[in-house]
Amino acid sequence: MTKRPTTLIVFGITGDLVKTKLLWALFNLFLQGKLPKKDFLVLGLSRRDWDDNDLRAHLEKIMIEEGFPRKSLWNDFLAIFSYFKADFTCPSSFVDLAKRVRKIDRQASSCTNKLYYLAVSPHFYQTILVGLKENNLVVTCNNSSWTRIALEKPFGQDLPTAKKLDQLLGSLFAENQVYRIDHYLAKENLRNILALRFDNTFLTPIWNKQFIDKVEVRLWEKEKVADGRTAFYDGLGALRDVGQNHLLQFLALLTMDQPQDSSSGAIRKTRAKALKNLAILSPGQVEKKTVRAQYDGYRNQLGVKKNSSTETYFKISTSFSDGNLAGVPLILEAGKAMKKNLVEAKIFFKQPSKCFHQSSSCQNVLVYRVKPKETIFLTLLVKKPGLVDRLSEAKMSFDYRANFNGEKFASDYEKLLLDILIGDQTLFVSTDEVMAQWRFVEPIIKAWRQGKPKITVKNI
Ligand code: BG6
């Protein structure tokens, strides 16, 4: 843990991310003594005409609503928050912010570490980055402290905008200062994938195109697009909301080669390579091999355009063009308002032309499930009890939570925040990964924009 005084500057302190994720994560880190003991300050920025007390009262209200525990410690926790009124579109706000940050340093008699956390709509990114740059806020004030930046997805709207944003970021920060967040990478069960694959050596020889028949990854959500997010979502769609990032990172972990070692650099590099192994669809293939749909009633939601052609569901059939799985078919699928919550990957293993017992199928499938429950199961063929040899399918199953009953599961954002503070980039998306993700998604978005294939309105 970083021991130096640290200032966490949160753009968008009154936003949804703070309410639903960051506050809880910070509180848990606080309870576990994982935050710097002395001079750790969270400077919350928003447009509201508030002071420190207003911010603390607002946060306390969230803590009550969400049922935070250990009430006797709340005041100590809330005391780490301070408020700063800022209009991100106004250059003078950044001049004032620079003064405030220097004041914090003076009060701490130290050049504090600075973490700028952009918990705002991505259309503010450019203005904020320029504001930070013009006021010298990106420069680390001495050699023993650091300045880092954390950004939420989506990172760009498409390949050109992602490149532009990346260039701007690259002109301000070194790659080791940039923490691009994809919270899926921090989920306990996704962090377990590398252990499953590379610490269980019986899997290594069969994780390739000789043995794997097909890979499917899906992210179904039962909920519709939340009412408060419709306007944002309508400009994005399912592919860019969860496909370009969460689904592809899940896939990368499942299909990447074994990294040279367990260092952050080696893991990020190998994940990027896995993403580059995806076959990129031509416009003609997009028309034939992708499906996009919108759930019935989406256009009637407040904030959605009446003639919206934004997909709330997609299915992409492609394959791997390179690497150990070259040629293996791949299906990626995600949607809102689906019949159930289901986030999982299925690895289908090849079956011989003739099964040993007389049976129509002897295929094994490894299911790696994230939702509704973190489980891993392998379908096996077993002999049914009795005098006659007949086969039946059985499941060999591992329930992550039940197995570690009582052990604390770290929440995604707890892990992410801690890793930024200690400077571990393993669970953050590198520039190479972002570009590979956009390269895969870009031709699909382009063809969809031209109406190929047509979007259908139906519940899936
Ligand atoms: C977010 C998307 O990144 O991930 C949401 O913007 C989606 O639309 C969410 O619901 C899913 O994350 P989780 O952790 O709830 O599975």
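Residues numbered from 1 in each chain as written. Predicted model: local features only at pLDDT ≥ 70, side-chain atom pairs only at ≥ 80, totals over all residues. Heavy atoms only, no water.

Q: Looking at this model, I keep getting lost on the state of the cysteines. Mind explaining?
A: Among covalent bonds in proteins, the disulfide is the one between the sulfur atoms of two cysteines. Taken as a whole and judged by the stated rule, the model has 2 disulfides. Each sulfur in the disulfide pair C111 and C141 lies 1.9 Å from the other. Across the S-S bond of C111 and C141 the torsion is about 95 degrees, and the bridge reads as right-handed. Separated by 30 residues along the polypeptide, C111 in the loop between α4 (91-107) and β4 (113-118) and C141 in the loop between α5 (125-134) and β5 (147-151) bring together distant segments of the chain. Residue C111 is classed as buried on the basis of its relative accessible area of 10%. One disulfide bridge connects C355 with C362, the sulfur atoms lying 2.1 Å from each other. Classification of the bridge connecting C355 and C362 rests on its S-S torsion, roughly -90 degrees, and on that basis the disulfide is left-handed. Comparing C355 with C362, the two get one shared label, buried. With its disulfide-bonded cysteines labelled consecutively along the sequence, the chain is connected as 1-2, 3-4. (Disulfide = S-S within 2.5 Å. Helix = DSSP H or I, 4+ residues; strand = E, 2+ residues; numbered from the N terminus. Buried < 20%, exposed > 50% of the residue type's maximum accessible area, 1.4 Å probe, protein only.)

Q: Even after reading the chapter, I still don't get the site of the ligand, so can you show me in this structure?
A: Contacts to the ligand come from K153, H183, Y184, K187, E221, R229, D241, V242, H246, K336 and K371. Between K336 and the ligand, the recorded distance is 2.7 Å, taken from a side-chain N or O atom to an oxygen atom. In this structure, an oxygen atom belonging to the ligand sits 2.7 Å away from a side-chain N or O atom of K371. About the coverage of the ligand: the protein hides 81% of its 390 Å² of free accessible area. Considering every element that reaches the shell around the ligand, the biggest residue donor is helix α10 (residues 238-255), with 3 residues. (Near = heavy atom within 4 Å. Polar contact = N/O pair within 3.5 Å; in protein donor to acceptor, adjacent residues only side chain to side chain. Areas by Shrake-Rupley, 256 points an atom, 1.4 Å probe, with all protein chains shown as cover.)

Q: Just to check I follow, could you spell out the environment of F81 for this structure?
A: Looking at the element boundaries, F81 is found in strand β3 (residues 81-85). Residues F81 and G451 lie 370 residues apart in sequence; the distance between their C-alpha atoms is 48 Å. Residues in contact with F81, not counting those within four places in the same chain, are L23, L26, V42, L55, R56 and L59. (Contact = heavy atoms within 4.5 Å.)

Q: Help me out: how do you make sense of the pairing of strand β12 (residues 365-371) in this one?
A: Side-chain direction in a regular strand flips from residue to residue, so the side chains alternate between the two faces of the sheet. Burial within β12 is extensive, with 6 of its 7 residues counted as buried. By the bridge criterion, 6 bridges tie strand β11 (residues 342-349) to β12 in an arrangement that is antiparallel. Considered in β12, the bridge of E344 is made with R369. By the bridge criterion, 4 bridges tie β12 to strand β13 (residues 375-383) in an arrangement that is antiparallel. Each residue of the ladder has a partner; that of R369, found in β13, is T375. Between β12 and β13, which pair antiparallel one after the other, the connecting turn spans 3 residues. (Pairing = 2+ DSSP bridges.)

Q: How should I be thinking about the packing of aromatic side chains in this particular structure?
A: Given two aromatic rings, their pairing is described by the distance between the two centres and the angle made by the two planes. One pass over the structure, following the stated rule, counts 19 aromatic pairs. Their ring planes at 70 degrees and their centres at 5.0 Å tell us that F27 and F77 sit as a pair that is edge-to-face. You can see F27 sitting in helix α1 (residues 16-31) and its partner F77 sitting in helix α3 (residues 74-78), a full 50 residues away along the chain. Note on F77: relative accessible area 0%, which makes it buried. Residues F398 and Y400 carry aromatic rings whose centres are separated by 5.7 Å and whose planes lie at 40 degrees to one another, so their mutual orientation is tilted. Note on Y400: relative accessible area 11%, which makes it buried. Ring-pair connections join several aromatic residues into one group, and the members of that group are W24, F27, F30, F68, F77 and F81. The ring of F348 has K214 sitting right over it, with the charged end atom 4.4 Å from the ring centre. One Lys or Arg, R401, reaches over the ring of F409 and ends 4.2 Å from the middle of that ring. (Phe/Tyr/Trp six-rings, centres within 6.5 Å; stacked < 30°, edge-to-face > 60°. Lys NZ or Arg CZ within 6 Å of the ring centre and 35° of its normal.)

Q: Help me understand the nonpolar core in this model?
A: A general feature of soluble globular proteins is that nonpolar side chains tend to end up buried together. Formed by 139 residues in total, the largest nonpolar core has its most connected members in F11, L97, Y117, L132, I149, F250 and L332. Filtering out sequence-adjacent residues up to four positions away, F11 remains in contact with L45, F88, F94, L97, Y116, Y117, L118, A119, V120, I128 and L132. Core analysis: the second largest hydrophobic core is formed by 5 residues, W220, A293, M338 and L342 among them. (Core = buried A, V, L, I, M, F, W, Y, C linked by side-chain atoms within 4.5 Å.)

Q: Looking at this structure, I do not really get the domain arrangement of the chain. What am I missing?
A: Where interface size is given, it is often the accessible area lost as the parts come together that is meant. Each assigned domain of the chain is listed here: domain 1 (6-152) and domain 2 (185-457). Relative placement of domain 1 and domain 2: their C-alpha centres are 33 Å apart. Taken residue by residue, the interface counts 19 residues in domain 1 and 12 residues in domain 2. A combined buried area of about 1,300 Å² lies between domain 1 and domain 2, and 76% of that area is made up of carbon and sulfur atoms. The tally of links from domain 1 across to domain 2 stands at 0 salt bridges. The interface formed by domain 1 and domain 2 contains 5 residue pairs in polar contact (both at pLDDT 80 or more). At the level of elements, α1, β4 and β5 are the ones that each hand at least two residues to the side of domain 1 that touches domain 2. Broken down by element, the residue count for the side of domain 1 that touches domain 2 peaks at 8 residues, all from α1. In terms of residue class, the side of domain 1 that touches domain 2 is made up of 12 nonpolar, 3 polar and 4 charged. (Domains from an automatic or database assignment. Buried area = accessible area lost by both parts, 1.4 Å probe. Salt bridge = Lys/Arg side-chain N within 4 Å of Asp/Glu carboxyl O. Nonpolar A, V, L, I, M, F, W, Y, C, P; charged D, E, K, R; others polar.)

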